[in-house]
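Summary of the model geometry
These are the residues of each chain, in order.
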Amino acid sequence: MKTKLMVLPLVLALGVGFSATAAAAGNDCAAKRTAIENQIQQAQKYGNTHKIAGLKKALSELNANCTNSGLIKDAEKKVTKLEKKLTEKQGDVREVQADLRQAQAKGDAKKVAKYQSKLQEKQADVQKITAELNQARAELAALKR
């Protein structure tokens, strides 16, 4: 039991490293498989038996569960989620712009400054989400090739 508790953090840590490596190598199952196999070779080179065991388990799970159609479905969900988030943030921007116009019409300098600051914040959020959405769309397109 104690061994399992000690191995769990290792497997979790390897999972984080694996996902980063897989993301860098590509998003399809073959690229993920190659990334894990490369990590196994490195672990064997240095005699790291615990890491080898964790990576072999990750490879086994990948072989059992990874399908390109599943990856495409996940990527499509991510794009849809980001599109919804972008729409919401754009609505927030419009609300703040309306508040800003009202404050400007009333000549309330304090509120004008407040809403200008808020508007910049919301616009930065929109830009960030737009970049994430563009990246997600590119990843989806790459998976569909």
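Basis of the calculations
Residues numbered from 1 in each chain as written. Predicted model: local features only at pLDDT ≥ 70, side-chain atom pairs only at ≥ 80, totals over all residues. Heavy atoms only, no water. Disulfide = S-S within 2.5 Å. Helix = DSSP H or I, 4+ residues; strand = E, 2+ residues; numbered from the N terminus. Buried < 20%, exposed > 50% of the residue type's maximum accessible area, 1.4 Å probe, protein only. Contact = heavy atoms within 4.5 Å. pLDDT = per-residue confidence, 0-100. Axes fitted to C-alpha atoms, helices over the stretch in contact; angles between N-to-C directions. Parallel < 35°, antiparallel > 145°, perpendicular 65-115°, else oblique. Left-handed = near helix turned anticlockwise from the far one by under 90°. Nonpolar A, V, L, I, M, F, W, Y, C, P; charged D, E, K, R; others polar. Expected span 1.5 Å × (residues − 1). Salt bridge = Lys/Arg side-chain N within 4 Å of Asp/Glu carboxyl O. Lys, Arg positive; Asp, Glu negative; His and termini not counted.

1. A few points about the state of the cysteines
Counting across every chain of the model gives one disulfide. Paired through a disulfide, C29 and C66 show a sulfur-sulfur distance of 2.0 Å. Note on the C29 and C66 pair: the S-S dihedral is about -90°, so by sign convention the disulfide is left-handed. Residue C29 is found in helix 2 (residues 29-45), and its partner C66 is found in the loop between helix 3 (49-65) and helix 4 (68-106); the two are separated by 37 residues along the sequence. For the pair shown, C29 and C66 are each scored as buried.

2. A word on the environment of E83
Inspection of the secondary structure assignment puts E83 in helix 4. For the pair E83 and T130, spaced 47 residues apart in sequence, the C-alpha separation works out to 8.5 Å. Setting aside anything within four residues of it in sequence, one finds E83 in contact with L133 and R137.

3. Remarks on the confidence of the model for the protein chain
Detailed reading of predicted coordinates is not advised where the pLDDT is low. Chain-level statistics for the protein chain give a pLDDT mean of 85 and a share of 81% at 70 or above. Mean pLDDT across the elements of the protein chain ranges from a minimum in helix 1 (residues 2-25), with 44, to a maximum in helix 4, with 96. This model gives residues 1-25 a pLDDT under 50, and the stretch forms 17 contacts once residues within four places in sequence are excluded.

4. Looking at the packing of helix 4 against helix 5 (residues 109-144)
Interaxial distance between helix 4 and helix 5 falls to 8 Å at its minimum, and their mutual angle equals 165°. Put simply, helix 4 runs roughly antiparallel to helix 5. Remark: the crossing between helix 4 and helix 5 carries left-handed chirality. Classifying every residue of the contact of helix 4 with helix 5 gives 19 nonpolar, six polar and 15 charged.

5. Things to note about helix 2
The end-to-end C-alpha distance of helix 2, which contains 17 residues, comes to 24 Å, matching closely the 24 Å that a straight helix rising 1.5 Å per residue would cover. Two residues or fewer after helix 2 comes G47, characterised by a positive phi angle close to 70°.

6. Points about helix 5
The first and last C-alpha atoms of helix 5 sit 52 Å apart over 36 residues, in line with the 52 Å expected at 1.5 Å per residue. Contact partners of the buried residues in helix 5: helix 4.

7. Description of the pattern of salt bridges
Within the structure shown, the criterion is met by five salt bridges. Across the pair K144 and E76 runs a salt bridge, and its minimum N-O distance is 3.5 Å. Of this pair, K144 sits in helix 5 while E76 sits in helix 4, and the two are 68 residues apart along the sequence. Linking E83 and R137 is a salt bridge whose minimum nitrogen-to-oxygen distance equals 2.8 Å. Separated by 54 residues along the polypeptide, E83 in helix 4 and R137 in helix 5 bring together distant segments of the chain. For R137, a relative accessible area of 39% puts it in the partly exposed group.

8. So, the side chain of K122
Mapped onto the elements, K122 comes out in helix 5. Buried within the structure, K122 lacks any salt-bridge partner; its nearest side chain of opposite charge belongs to D92, at an N-O separation of 4.0 Å. In this view, K122 contacts D92, V93 and V96; residues no more than four positions away in its chain are not counted.

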